[in-house]
Each structure stands twice: as structure tokens, then as C-alpha cells.
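# Structure assessment
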Amino acid sequence: MSIQTTFAGIKKQIETRSAEAIEERLEDIADYAVFISPVSTGAYVNSFSIGKAGFGGGRSKTSDNKEWYQDEMAQKSTALNNLQSDIQGLAIKQDLENGSSRYTLRNRSPHAQAVEDGEGWERTDGYHVFTKIKRKFS
């Protein structure tokens, strides 16, 4: 006679814990991206989106006709709320089950490249936001 048990519940526990860890990591990335981003008009910081790798679209705010020197904390709070909403909308646990748990942080602001590398700027260098994010989280 033998006694046995099946550990199907362990797989679900692992997937749940893994999904929670991925969600926390995405939240850390979102926090950092917003924290290190410049705010002049708020367009750049509010153009971040997080989605499944290969997702189309995302936020794209322009600085046209916006006042300069916006309230930095208010703009960053809005941006972080948007990213947290994106993260909550992801089906991370299901993606883990399907083996498709890859995610992308994107900024579709029309001037995102200039913010990154200072393209066309005479007085300052770029902010290298994505370079810093990659360095910290890769």
C-alpha cells in the first residue's frame, strides 16, 4: 500500500506569488520612471504607459499650448496613478500561466527622444530616463 498526494495547489501558490512579485516590480519601475522624469509642462511624465510586450498605443501627451513650470508633484501623482491603473489592468497571473509574461514601459510623448538624449537642445543634456531605468532594473 502507498500513500500519495498531488501538489496542484503548489503550482497555484507559486503562480500567485510570482504574479505578485511581477506586479511589485512593475510598480517599482513605474515609481522610479516618474520620480526621475522632468516636469515642465507635464506632457512627458504623463505619456508613460505599461502594457504587455508588443502592445499598441499608449499615452501620448503634447506640450503644445501647455503652460511651463506645472506643479511637479501634481503632474507626477497623475502619471503614477495612470501607470498603477495600467498595472492593475494587466492579467499577470494569466500571462504567467500562458507563458507570456513580458511587459513594456513606453513613453509616446512627441518629444520623448529629446527628453532622453537632449536632441536639439543647446543648453542641457538629455535626462536619459530610459537609460537609467534599464541600468537600475535590467
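Before any of the text, the structure's been laid out above.
What counts and what doesn't
- Residues numbered from 1 in each chain as written.
- Predicted model: local features only at pLDDT ≥ 70, side-chain atom pairs only at ≥ 80, totals over all residues.
- Heavy atoms only, no water.
- Helix = DSSP H or I, 4+ residues; strand = E, 2+ residues; numbered from the N terminus.
- Buried < 20%, exposed > 50% of the residue type's maximum accessible area, 1.4 Å probe, protein only.
- Contact = heavy atoms within 4.5 Å.
- Expected span 1.5 Å × (residues − 1).
- Patch = residues over 30% accessible without salt bridge, like charges linked within 9 Å, V, L, I, M, F, W, Y side chains within 5 Å.
- Areas by Shrake-Rupley, 256 points an atom, 1.4 Å probe, with all protein chains shown as cover.
- Salt bridge = Lys/Arg side-chain N within 4 Å of Asp/Glu carboxyl O.
- Lys, Arg positive; Asp, Glu negative; His and termini not counted.
- Charge placed at Lys NZ, Arg CZ, Asp CG, Glu CD.
- 1 Å grid on protein atoms, 1.4 Å probe; cavity = no way out; pocket = protein on both sides within 12 Å on 5 of 7 lines; lining within 4 Å.
- Points joined across faces, edges and corners; volume = space filled by probe spheres on them.
- Nonpolar A, V, L, I, M, F, W, Y, C, P; charged D, E, K, R; others polar.

Within the secondary structure layout, Gln75 lies in helix H2 (residues 72-88). Relative accessible area serves as the criterion here: at 17%, Gln75 is assigned to the buried category. Residue contacts for Gln75: discarding those within four places in its chain leaves Val39, Thr41, Gly42, Val45, Asn46 and Gln70.

Glancing now at helix H1 (residues 8-36). The α-helix winds at 3.6 residues per turn, so residues separated by three or four positions along the chain end up facing the same way. With 29 residues, H1 ought to run about 42 Å at 1.5 Å a step, and its terminal C-alpha atoms sit 43 Å apart, in line with that. For H1, the full list of buried residues reads Glu15, Ala19, Leu26, Ile29, Ala30, Tyr32, Ala33, Val34 and Ile36. Elements in contact with the buried residues of H1: strand E1 (48-52), H2, helix H3 (92-98), strand E2 (103-107) and helix H5 (129-137).

Another aspect to go through is unusual backbone geometry. Here the phi dihedral of Asn65 falls at roughly 60°; this positive angle occurs in a residue that is not glycine. Mapped onto the elements of the fold, Asn65 is located in the loop between E1 and H2.

The next thing to look at is a negative patch on the surface. A cluster of acidic residues, Glu20, Glu24, Asp28 and Asp31, forms a negative patch at the surface. Within the secondary structure layout, Glu24 lies in helix H1.

So, on to the layout of surface pockets. Here the largest pocket defines a volume of roughly 400 Å³. Along the wall of the largest pocket there are 18 residues; nearest its centre are Ser40, Trp68, Trp121, Thr124 and Tyr127. Each residue belonging to the lining of the largest pocket can be placed in one class, and the counts come to 10 nonpolar, six polar and two charged. Along its surface, the second largest pocket is lined by 14 residues, and Leu26, Ile29, Tyr103, Thr104 and Leu105 are the ones closest to its centre. Of all the secondary-structure elements, those providing two or more residues to the lining of the second largest pocket are H1, E2 and H5.

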